[in-house]
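# Topology and contacts: notes
So you can see what is in the structure, the chains are spelled out below.
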Number of protein chains: 2
Amino acid sequence: MPRYKLTIEYDGTGIMGWQRQKHGPSIQQYMEEAITAFCGEQVTIYCAGRTDSGVHACGQVAHIDIARDSKPYTVMQAINYHLLPQRIAITKIDEVDEAFHARFSATGRHYMYRIINRPARVALEQSRAYHVPQPLDIARMQEAAALLVGTHDFSSFRDSMCQAKSPVKTLWQLDVERIHDEEVRLYASAPSFLHHQVRNLTGSLIYVGTGKWSIDDLIAAKEACSRPAGGPTAPAHGLYFMKVDY
Amino acid sequence: MPRYKLTIEYDGTGIMGWQRQKHGPSIQQYMEEAITAFCGEQVTIYCAGRTDSGVHACGQVAHIDIARDSKPYTVMQAINYHLLPQRIAITKIDEVDEAFHARFSATGRHYMYRIINRPARVALEQSRAYHVPQPLDIARMQEAAALLVGTHDFSSFRDSMCQAKSPVKTLWQLDVERIHDEEVRLYASAPSFLHHQVRNLTGSLIYVGTGKWSIDDLIAAKEACSRPAGGPTAPAHGLYFMKVDY
C-alpha cells in the first residue's frame, strides 16, 4: 500500500486546529473526508506538528497510506478538488517508504510569527498577524532572542497542558526582523517545540520590545523555570508553521 | 466644519466594492454608517478611486466633513471602533483645507497586483492573490510592460463601461517582479487609470508570461485600440490599491 508524504498549506481562521475535535471543524477532519471522497477508504492522517486553533501553515507535512493505485500527482489533484471550498491545499506530494512517519521522522521544525506594528487598527491582516500598537525595539528583541538560542529548560514558556517528557529543548534559531515599516517577523527553528513554546517566547519578546521587560527580566523569567514567570501567550493567528525537515 | 483626509485599508473579500450598491454591502456604506454612529451626522464620503468588488486597499484615501469638534486621532479611533468587525480600518487621519478633495486633488495613483505562480492550488492567499499555475517568464513580461509605460491610447485595456472622456492615459510605471519562488507582483502607477485598466493590462501580461502571446502580439493588441483585441481581465482579488499622491 503506497505511503504518501503531503505538504499542506492552510488558513487556520475559524478552524479548531489540526486535531479532530467534537465541537468544530479541524484540518484533520477536512483532510480525512477529502481523502475518503477521493478513494473511498477510511484513512488516518498523521502530521508533523498539531497546530492550534487559528494557527496557519505554509508547510505542514503529513502522511497517509491509501490502497488505490494512482499517480501521486493525481492523488494530490483529486484530494485538493475534494477540499474545496476550504482554505486547505496540498502543495506537494511524494511517494515515500513505509519507514517514513510525518511526526517521528521529522528532524526539524520551522515557525514564523507575524506582528503588525503600527498604532492604527489592522484590517487586511486581521486574522493573519498580531497587532502590536506600541513601537517595538527590534534590536533589543533580537539581543534577547539570541540569549534563548541553544539548549535550555523552557518550563517558563511551556503550556501547562504540554505533554512533552522534558522541558529541555534546543532552539536552533530565534530571529526578530523588521520586514518593513509596519511589520515584524519572528523566525524559530528547532528539532521540536514544547506546546505553545513559540507563542510564549513571542509574547515574552514583545514585552522586551515594548520596554515592559528588560533583557535581564527575560533571563530571570527563563531561569525561574515556571510558566507563571514567563510572558503572555501571543495569539494563535500570528503563527505560521513553515517547514519540516526530514 | 473641519475636513478630514482618511487613509483607509480594507479587505475587499465579500464586499461589493467601494460604491454603495443596492444588492450588497460596500465600503462606502460601512464607512458612512460608522461615521454616523460616531457623530450622529449624515455624511457623504468621497474617495480617490472607487475600487471594484473584491479589490483590496492598503492606502485608499477619502475625505469627509463633520461638524463635531474632536481631535483627529479621536475621530479615527471612534470611527475604527464603529467599523468593527468589518475588515476596514482608517490607518491615518489628517485635518485638511476645504480645498482638498480626495478624488479631484489626487495627482497619482499606485496599484499592486499579486499572482501566486505555482502548479499547486492556493489556500492561504485564496482571496488575496490570483493563482496562475503555468510558469511565468518574468523577463518577457517586464520587457513587454516597459513598452506600455508612457502616454498611449489604452482602448484595448479599457472596460466597455468606462466613463472616462479619453482612452489616452499616461502610465508612469508598470513593473513585474518575482518576489519569491511562488509569487509575482505587478506595480502600476499613473495620474489616473481607466476602468479595469490595471486588471486588463495584467491579464494581457500574463498572456505574454505564459507564452500565449509574443511581445509583438501585445503591441498589436494595444494598437488595435479596441477592447476585444486586449487580453482577459485578471480577477479582482489580486488587486490592491496601494497609495494616492496629492
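The structure under discussion appears in the preceding block.
Criteria and thresholds
Residues numbered from 1 in each chain as written. Chains lettered and ligands numbered in written order. Predicted model: local features only at pLDDT ≥ 70, side-chain atom pairs only at ≥ 80, totals over all residues. Heavy atoms only, no water. Contact = heavy atoms within 4.5 Å. Buried area = accessible area lost by both parts, 1.4 Å probe. Polar contact = N/O pair within 3.5 Å; in protein donor to acceptor, adjacent residues only side chain to side chain. Helix = DSSP H or I, 4+ residues; strand = E, 2+ residues; numbered from the N terminus. Nonpolar A, V, L, I, M, F, W, Y, C, P; charged D, E, K, R; others polar. Least-squares fit on C-alpha atoms with pLDDT ≥ 70 in both.

Before going further, it helps to examine the interface of chain A and chain B. Contacts between chain A and chain B engage 28 residues on the former and 27 residues on the latter. For the chain A and chain B pair, buried surface summed over both sides reaches about 2,100 Å², with 50% attributable to carbon and sulfur atoms. Looking at the side of chain A facing chain B, the largest losses of area belong to A:Arg87, A:Arg121 and A:Leu124, adding up to 35% of the total buried there. Our enumeration of links across chain A and chain B arrives at 18 residue pairs in polar contact (both at pLDDT 80 or more). Of all the elements in the fold, those that place two or more residues in the side of chain A that touches chain B are strand 1 (3-10), strand 3 (56-65), helix 2 (72-83) and strand 4 (88-96) of chain A. The dominant element in the side of chain A that touches chain B, judged by the number of residues it contributes, is strand 4 of chain A, at four residues. Its residues assigned to classes, the side of chain A that touches chain B comprises 15 nonpolar, six polar and seven charged.

Before going further, it helps to spend a moment on the environment of A:Glu177. Residue and element names in this part refer to chain A. Here Glu177 lies in strand 9 (residues 173-180). Distance in space between the C-alpha atoms of Glu177 and Ala139 is 8.8 Å, their sequence separation being 38 residues. Leave out the neighbours within four places in its chain, and Glu177 touches Ile138, Glu183, Val184, Arg185 and Tyr187.

A few words now on the relation of the copies chain A and chain B. Related by rotation about an axis and a shift along that axis, the two copies of the chain form a pair. Expressed as a screw operation, the relation of chain A to chain B combines 0.0 Å of axial shift with a rotation of 180°, fitting to an RMSD of 0.0 Å. Seen this way, the second copy is the image of the first under a two-fold rotation axis. Taking C-alpha positions as reference, the residue of chain A nearest the rotation axis is A:Glu125, located at 5.7 Å. Comparing interface residues between copies, 96% of those in chain A also lie at the interface in chain B; the contact surface is shared.

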